[in-house]
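Residue strings, one per chain:
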Amino acid sequence: MNISRKAQEAFKTALAMTIAYGISLYLNWDQTVWAGIAVAMVSLATMGQSFNKAALRMIGTLFGAIVALFFIAQFPQERWLFMIALSAWVAFCTYMMLGSDNPYFWHVSGFVCAIICMGGGPDPVNAFDTAMLRTQQTGLGILVYSLVVLFVWPNSSGKAFLSVTESLSSLHQKLFQTHFSIMTNTQPVEESRQSLQELKQKEFPVLNQFQQLFLAARNDSSDIAQNQKLWNQYQVKVNQYVKTLDVWHENISDIQLLDLFKLIPGLNEYYNNINKKYTQIGQLLKGEKIDKTIETCELEVHDDAFEQLSHFEKTALIVNITQLKRIDQISMELVNLLSMITGQTAYKNTSDSLTLPSKYSKLFQPDIDRFSAVIRVMASLWIAFLSLIYINDLPGGVTNISILVPFAMVFATTPQLPVAKLLIPVLGSIAFACLIYIFLLPHMSSFLSLGPLLFVVTFIICYLYALPQQVLNRAFGLVLFLAITGISNDQVYSFYAMSTTSLTFAIIFLILAITAYIPFSPQPDKVFLRLLKRFFRSTHIFISLAALNQKKSLTWHQNYLKQFHKLQLMSIPAKLNAWSRFINPELLIGSNKGLLPIIANLQAISNRVQEIHVVASEAHHSEDLNVIIQELQEWHAKLQIAFTDLAQDPTISDSEYFQNRLAEIMSTLENRIKALFNKSNVQNYKTFEANSFYHLLGTYRGLSEALVGYSKSTDSIDWSRWKEQRF
Amino acid sequence: MLPIPHEFAIGGVYMPPLLVAGFLGGILTIFTTKWMNHYRISRFFFYPPLVYVSILVIYTVIISTFVIGG
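Everything numeric in this text was worked out from a predicted model, so none of it was measured. (Residues numbered from 1 in each chain as written. Chains lettered and ligands numbered in written order. Predicted model: local features only at pLDDT ≥ 70, side-chain atom pairs only at ≥ 80, totals over all residues. Heavy atoms only, no water.)

**Here's the deal with the overall build of chain B**
On a plain count of helices and strands, chain B comes out with two helices and two strands. Compactness check: chain B gives a C-alpha radius of gyration of 14 Å against a globular reference of 11 Å for 70 residues, more than 25% above the reference. Principal-axis analysis of the C-alpha atoms places the extent of chain B at approximately 45 × 25 × 15 Å. Sequence-distant contacts, at least 24 apart, represent 67% of the contacts inside chain B between residues at least 6 apart. Of the roughly 5,000 Å² of accessible surface on chain B, a fraction of 76% belongs to carbon and sulfur atoms. (Helix = DSSP H or I, 4+ residues; strand = E, 2+ residues; numbered from the N terminus. Rg over C-alpha atoms; globule rule 2.2 N^0.38 Å. Contact = heavy atoms within 4.5 Å. Areas by Shrake-Rupley, 256 points an atom, 1.4 Å probe, with all protein chains shown as cover.)

**A closer look at the overall build of chain A**
From N to C terminus, chain A includes 27 helices and zero strands. For 727 residues, the compact-globule estimate of 2.2 N^0.38 gives 27 Å, and chain A sits close to it at 30 Å. In terms of overall dimensions, chain A has a C-alpha envelope of 100 × 60 × 50 Å along the principal axes. Every one of the 727 residues in chain A was classed for burial, and the buried ones make up 52%. As displayed, chain A offers around 33,600 Å² of accessible surface, 59% of which is attributable to carbon and sulfur atoms. Positive and negative side-chain charges in chain A, numbering 56 and 53 respectively, have mean positions lying 3 Å apart. (Buried < 20%, exposed > 50% of the residue type's maximum accessible area, 1.4 Å probe, protein only. Lys, Arg positive; Asp, Glu negative; His and termini not counted. Charge placed at Lys NZ, Arg CZ, Asp CG, Glu CD.)

**Remarks on the domain arrangement of chain A**
As a measure of interface size, the accessible area lost when the parts come together is often cited. All names here are of chain A. Partitioning chain A into domains gives domain 1 (5–155 + 369–515), domain 2 (158–353) and domain 3 (524–722). Contacts between domain 2 and domain 3 engage 21 residues on the former and 23 residues on the latter. Between domain 2 and domain 3 lies a buried interface of about 1,900 Å² when both sides are counted; carbon and sulfur atoms form 54% of it. Looking only at domain 2, the three residues that lose the most surface to domain 3 are E250, H311 and F312, adding up to 39% of its buried area. On the surface where domain 2 and domain 3 come into contact, there are one salt bridge. (Domains from an automatic or database assignment. Buried area = accessible area lost by both parts, 1.4 Å probe. Salt bridge = Lys/Arg side-chain N within 4 Å of Asp/Glu carboxyl O.)

**Focus: the environment of G702 of chain A**
All names here are of chain A. By secondary structure assignment, the location of G702 is in helix α26 (residues 688–715). Take G702: its relative accessible area is 6%, and that puts it in the buried class. Along the chain, G702 and D254 lie 448 residues apart, while their C-alpha atoms are 8.8 Å from each other.

**What to know about unusual backbone geometry**
In this structure, P519 of chain A follows I518 of chain A across a cis peptide bond, with omega equal to -5°. Even without being a glycine, D393 of chain A presents a positive backbone phi close to 50°. Within the secondary structure layout, D393 of chain A lies in the loop between α15 (368–390) and α16 (399–413). Of note, R40 of chain B is a non-glycine position whose phi angle comes to about 55°, a positive value. Within the fold, R40 of chain B resides in the loop between α1 (17–38) and α2 (48–68).

**Describing the packing of α16 of chain A against helix α20 (residues 495–515) of chain A**
All names here are of chain A. For the pair α16 and α20, the least separation of the axes is 10 Å and the interaxial angle reads 40°. Taken together, the axis directions place α16 and α20 in an arrangement best described as oblique. The hand of the α16/α20 crossing is right-handed. Residues N400, I403, L404, F407, A408 and F411 of α16 lie in contact with α20, whose contacting residues are T504, F505, I507, I508, F509, I511 and L512. Grouping the constituent residues of the contact of α16 with α20 by class yields eleven nonpolar, two polar and no charged. (Axes fitted to C-alpha atoms, helices over the stretch in contact; angles between N-to-C directions. Parallel < 35°, antiparallel > 145°, perpendicular 65-115°, else oblique. Left-handed = near helix turned anticlockwise from the far one by under 90°. Nonpolar A, V, L, I, M, F, W, Y, C, P; charged D, E, K, R; others polar.)

**Re the interface of chain A and chain B**
Contacts between the two partners involve eight residues from chain A and, on the opposite side, 16 residues from chain B. Both sides of the chain A and chain B interface together cover about 1,000 Å² of buried area, and 67% of this is carbon and sulfur. Three residues stand out in chain A for area buried against chain B, namely E724, Q725 and F727 of chain A, and they jointly supply 63% of the buried area on that side. Counting across the interface, chain A meets chain B through one salt bridge.

**As for the confidence of the model for chain A**
For any part of a model where pLDDT is low, the fine detail of the predicted coordinates should not be relied upon. Per-residue confidence for chain A averages 87 on the pLDDT scale, and 93% of its residues sit at or above 70. Here helix α25 (residues 655–679) of chain A stands out as the least confident element of chain A, with mean pLDDT 77; α15 of chain A is the most confident, with 95. (pLDDT = per-residue confidence, 0-100.)

Okay, structure coming up:
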């Protein structure tokens, strides 16, 4: 019989739920619901992913329980100090949750501490029992689920990981081919750009899956676990490849009109060479043997053809060749790593000389978005706490805080998720649970009848909400069913308890809806504008710290600022991308490409500004080049002014003005360089000095072009509607 | 004449009048603010979230005073 994967996973969760409830009720433990919630929360698509989440939940529970007991012991009679300590811990966990590799651990640590504090705080005599009960029920749920997935249709992540790795490598090969065809104009530009956009949209989820499955596969697949170090390096190289493709993409348009096959005679060989490497990667991932490793390809420039180019064209060509060489190098390293993983070549240490992180990057770097999440959680927690103290007979009482904290942490860390969107699933789940509680549960007299009911309900919820994007619906369905039915050995049926639980959720959602506006508006368009301003403010400060010909080195404070704004530049384009999907389409009327071009240009600005820091610090130039360097300094100052204006209002950019200014600067510089190179001996592009100078010039040109691109992409949007106040 | 304050019974379950008035007020507020957004009236407000709460309170008070009684 062929049972679908969806049914298999639903069956496993339902079986684990029934067994966990059976054991807990048999042992007469209180709060059986906690074991059920543990099963509901750790059930994921593969064994490794579930084990990973289960381990984080268990360690988080232990950690949270210890902290809670400490607070209860320290402040048994001091409710304000007790709440201050608890809220400080929840704030710390929320902050850590947003920047950690294991956010689930911090999430569990935060809300378990709140649950135990609220369960044990008002009743300190039983606080230790509450903490132990929570820990043992969670442990039971995790143990039962782990055993079930281990013995019933075990589903290792290893195969899925290899298959995703193969999809990713084939996607990267196609991305390379499309970029190449755009660069060499071998296919219609519009067609290539269209396919490039489609491939880029596919890349993000596959890359995400690749990273998540790797974490799972190293736990449940011995092959992956044995070569964990090599797979880690493979992952690093894949990320480097993605970054290099992005940088290459930003430079391609500058050389599209050149006769590249004449300028670089070995370009066709290079193309075939990269394709062969990707074919080998595919073969290695399938477990096939490869003949021999292909070496890197030389990209020599035809000297006569090169001399006929303008200096800006030479600059663009050199920058592009650097990226092509980097792609060649990375793809070769990927083949080497895979042949070592598959045992086709002997292991050798391949860790190349990575750039050491700056000592300032190790210092604490405040993150504005993480702090705003903390403020939101704090506001929710304190509103719940103050209403508990000052409103008599508030439905739910201390339970409000226990239930509120996990929700508040989820909403604060995924601010794109509107509270109102979850209202319907929650109301539906409450209604469903109430129906079972009123009409079915009273007919159950022993576990023989209760067990099948638990199994069927869990199976139905897991089967209906099996897709990854339905995870919240599934979690709400299961948790609310378990919480409202409140199954125990001394089962009580009370309409009052049921209506109180329902009202508790109404109060919690009301608090969450209010605090969504603290400290900033959660409306996606407002967040987008705020992030844009922050991006340009950071760009302005970062670029002002990278002045050319800087005589003095940066102070400690300037270095710290530089690192802080670098982090902002690196992270904001990705945040904007995440928010752009939630913008009301009515605000984008008139702009046929939406916000993608804006984000692509911001990413280009971010890359170029960071490059300026590197190139400016490495630039070596003789006295001959001083005139040009002065021109570049003026260019630098003009860019600084443009970024200051954009930081004030990112929507005021005038693309025509920027375009004309850029053309003017480039024409002046072209003439100056021509005059200078005619009389000096810095003619050969292969000399170190000329190469570094061309890089510097290319970076400034790239930054200015990205700025022009940004202002062009903002022209078609009616920003006045974005700035209007709305409900 | 104002209605006499009384509890609200649905299927034998008695509910406080403020709860029902609040619920109806909430629904009316959602429709009113959607309408204001549609006709771009909301741009005349300095801080719409506070206006939202104010409209909710006004509706709740009106309903509980003149419709349900409470």
